[in-house]
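Listed below are the residues making up each chain.
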Amino acid sequence: MKTLYLFVVFGVVASLCATQAQQVYYVTPEGGGDGSSWASATTLEQAIGSASGTAEAADIILVKKGTYTAPATDGLGFYFQTKKQIVIYGNCEGTESETDLPVIDEETPIETYLVAPVDENQEPVSRVITIYKGSVAFEGFDISGGTSAFSTSRGPNEGGSVWIYGQGVLRKCHIHGSSSQKGGGVYLSTFEEGKVAGLESCYVYNNRSTGDGKSSLGGGIYMKSNTFVKDCIIEDNVSPYTGGGIYCETTGVIYNSIIRNNRAEKNSAGGIRNHSGIIANCLIVGNQAMSEGAGVQLSSEEAQIINSTVVYNQLNNTSGSAISGGVMVENGHVKNCIVWGNTVNGGTVERDIRISNMRTGTLTNTCYKVASIVSADAQEIDCIQDDPLFVDAEGGDYRLAEGSPCIDTGNNDSYAVVPMDTDLNGESRIENNTIDMGAYEYHKDISTGVAELAGGPRIYAAAGRLIVVEVEGNLMVYDVLGRLRHTQIVSGQAEITLPSGIYIVRLNKVCRKVSIR
C-alpha cells in the first residue's frame, strides 16, 4: 500500500502543475478589469471567485509581481472551495500567457508576495490561503505572516499561512513568518482516497506552532492523510512541544528534502516527528530538542526512514543516559541510513540512536557511532559503526568520500518502496549494483580537467567555468545542497560560468561530480 501511494504522489504533482488551460485570468495588484488580458487585469480575489476549471482542464491564473494582501473574511484569506482544477502562477512580468508561462529556478527571486492582513497594531488577523475540497496548485509565491487564530469555519488552530484539505500543491513557494497550533507554516490533509496534498521545491522557514501543550505540533508543517513534502528545505522553524520542522501524523511521505536547524523547545523531534509516514533521501542536520530524538522520532510500526543522513543534531537535556540525539525509535524502521555525530546532554555526550524499552524497531544496513538499544524485541541487521567519511562535514558537505565504508553497503530491497532513481543531489541512485547508505550516492570525482561520460559527452572543468562538449539533451547543474544552479537544452557545446565549488552535472540521465577551482 505504501509503495502504491508513493507512485500516486508523482502522478498528482504532474497533473496539477502541467495541465491544459480551460480559461486564463490575468491579475495585477491594481486590478479593476475583467481579467481577460493584461490590459484588463483583475484582482486576485476576483479571479479566484471566477475561476473553477473542469475535471479535464484547469483554469489558469497569471499573477504579476507585487504584493497582494489576503482578505480577512472569517480568517480564511484567499479562499478556495470545491474548485475543480485551478493552477495559479506567480512571478509574472505582465507579458506571459498560457503558452509562455513564467520560468522559476533556484536562482530566481520570488517577487509575488501573498501576505496576511493585519490590524491597527500590525498583528495578523487571518490565514493567507485556505483550500477546501478543491484541486488547486500554486507556483512561484512568497507567502507570509498568517495566523489560524481567527479561522472558525475551516481548520481552527491549523495552518498559519496555508491550510489545505483537498488536492492542493504548492510548488516553488516560500512560506515564512507564520504561526498556528498545528502547522505553524502549513497544514496538509486530504478528504478522500486517491487525493493527495503537498509541497514541492518549497522553502519553509521561520514559522512557529503556538501554545505550550501537547497540541503544539509541527513548527513548519503538519501532515495528515496522504500528503507529501518533496525537494524542499525546512529550516529554522520552532515547536514548543514536538516536531519542530515537521509533524507527520499519518501516511505522509517526506523525500529529497533538507530538514535543518529546527527546534522542539520542551519535548521531542526537533527535525521530524514521524508517526506512520516514510522519510527517504533526506538530510536532517542541526536540529535541536529537549527530551528525545533531536533529529527524528519514529512512533509506529508503519514509520520508516530510508537512505537518509541524520547528522549533528543535539538534545539539550541535562540528564539521562538512554536517550538519543539522532533517531529515537519507539516503533518503526531505520534502513540504509547514516546517523552520526548526534549528541545529548547539551552536546557533551555522543548518542545517535535509541530503541525504547518494550517497543519494536529495526536497524537495517545503517551506519552509526553510539546507540542505546533497550528493547529486547529490537533487531539490528548488517549495521556498521565506522566513520562514514564525509567529503567535508565541517563545510556541510555530507556526500561520501572515496573509501567510505557506506559505499555499496546498503540494501536494495529496502529502497524499493521509494520510486526514485536519483539521490538528494539528483545523481543516479544505484551506481554500482548495490545502493549506498545515506542520502547521497557515491560517484567518482571529476576534478578540474577533462572527463568522458557514458555515451560520449565530455566535460572540461576549467578555472571558473564548466564546458560541456559533444552532447545533445538536457543539461542540469546542481550544487552540493541539491539546488539547481543551471539548466539548458544543449546541442553540441555549452560553456557555463560558475563560482568555485563542487557541482553535480546531469546530462540526460547520466550524473557526475565536478570540482570547479
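The structure we're discussing is the one just above.
Given the structure is predicted, the values throughout are model-derived calculations rather than measurements.

Undergrad: Talk me through the sheet that holds strand β22 (residues 258–260); I want residue IDs and the actual numbers.
TA: On the basis of which strands lie adjacent, the open sheet formed by 11 strands has the order β3-β6-β8-β10-β14-β18-β22-β26-β29-β32-β37 and parallel pairing. Taken across any chain shown, the strands that pair with only one partner, and hence form the sheet edges, are β3 (66–69) and β37 (367–368). The pairing of strand β14 (residues 203–205) with strand β18 (residues 233–235) spans 3 bridges and is parallel. Note that in β18 the partner of Y205 across the bridge is E235.

Undergrad: Give me the lowdown on the state of the cysteines, citing residues and values where you can.
TA: Enumeration over the complete set of coordinates arrives at 0 disulfides. Among the cysteines around C282, which has no disulfide bond, C232 carries the closest sulfur, lying 9.5 Å off. Unpaired in terms of disulfides, C367 finds its nearest cysteine sulfur in C406, a separation of 3.9 Å. The exposure class of C367 is buried, given its relative accessible area of 0%.

Undergrad: Which residues make up the pattern of salt bridges, and what values go with them?
TA: This structure, assessed with the given rule, holds 14 salt bridges. Note that R171 and E200 form a salt bridge whose closest N and O atoms lie 3.1 Å from each other. Taken together, the positions of R171 in strand β9 (residues 162–171) and E200 in strand β13 (residues 197–200) put the pair 29 residues apart, joining distant regions of the chain. By the burial criterion, R171 is buried, and E200 matches it. Ionic contacts of the salt-bridge type, sharing partners, join the residues E139, R171, E200, K230 and D231 into one network.

Undergrad: Tell me about unusual backbone geometry, and name the residues and values.
TA: A positive phi angle is found at D236, which is not glycine, with a value near 60 degrees. By the secondary structure assignment, D236 is in the loop between β18 and β19 (238–239). Classification of D236 as partly exposed rests on a relative accessible area of 34%. Its identity as a non-glycine residue notwithstanding, N261 has a phi of 60 degrees, on the positive side. Turning to its location among the elements, N261 is positioned in the loop between β22 and β23 (263–264).

Undergrad: An account of the nonpolar core is needed here, citing residue identities and associated values.
TA: I61, F80, L114, F138, I143, L170 and I221 are the most contacted members of the largest nonpolar core, which has 62 residues in total. Apart from the residues within four sequence positions on either side, I221 is in contact with G183, V186, L188, L199, V204, V229, I234, G245, I246 and Y247. Counting residues in each nonpolar core, the second largest holds 19 residues, with L283, V285, I338 and L424 among its members.

Undergrad: Give a detailed account of the packing of aromatic side chains, specifying residues and quantitative values.
TA: Applying the stated criterion to the full structure yields 12 aromatic pairs. When the ring of F138 is compared with that of F141, the centres are 5.4 Å apart and the planes differ by 75 degrees; the resulting orientation is edge-to-face. Judged by its relative accessible area of 2%, F138 is buried. Ring geometry for F390 versus Y398: centroids 5.3 Å apart, planes at 90 degrees, classification edge-to-face. Just as F390 is buried, Y398 falls in that class too. Cluster of aromatic residues (ring-pair linked, three or more members): Y132, W163, Y165, Y187, F191, Y222 and Y247.

Undergrad: Now, about the environment of G53: what can you tell me, with residues and values included?
TA: Topologically, G53 is positioned in the loop between α2 (44–50) and β2 (58–64). Distance in space between the C-alpha atoms of G53 and I86 is 6.0 Å, their sequence separation being 33 residues. In this structure G53 touches A58, D59, K84 and Q85, once residues within four positions along its chain are discounted.

Undergrad: For the environment of G295, give the residues involved together with the corresponding values.
TA: Mapped onto the elements of the fold, G295 is located in the loop between β27 (288–289) and β28 (296–306). In this structure the C-alpha to C-alpha distance between G295 and V285, which are 10 residues apart in sequence, comes to 7.0 Å. With sequence-adjacent residues up to four places away left out, G295 is seen in contact with G271, I272, I284, V310, N313, G325 and G326.

Reading guide: rules and limits
Residues numbered from 1 in each chain as written. Predicted model: local features only at pLDDT ≥ 70, side-chain atom pairs only at ≥ 80, totals over all residues. Heavy atoms only, no water. Pairing = 2+ DSSP bridges. Helix = DSSP H or I, 4+ residues; strand = E, 2+ residues; numbered from the N terminus. Disulfide = S-S within 2.5 Å. Buried < 20%, exposed > 50% of the residue type's maximum accessible area, 1.4 Å probe, protein only. Salt bridge = Lys/Arg side-chain N within 4 Å of Asp/Glu carboxyl O. Core = buried A, V, L, I, M, F, W, Y, C linked by side-chain atoms within 4.5 Å. Contact = heavy atoms within 4.5 Å. Phe/Tyr/Trp six-rings, centres within 6.5 Å; stacked < 30°, edge-to-face > 60°.

On their own, these measurements won't tell you what the molecule is for.
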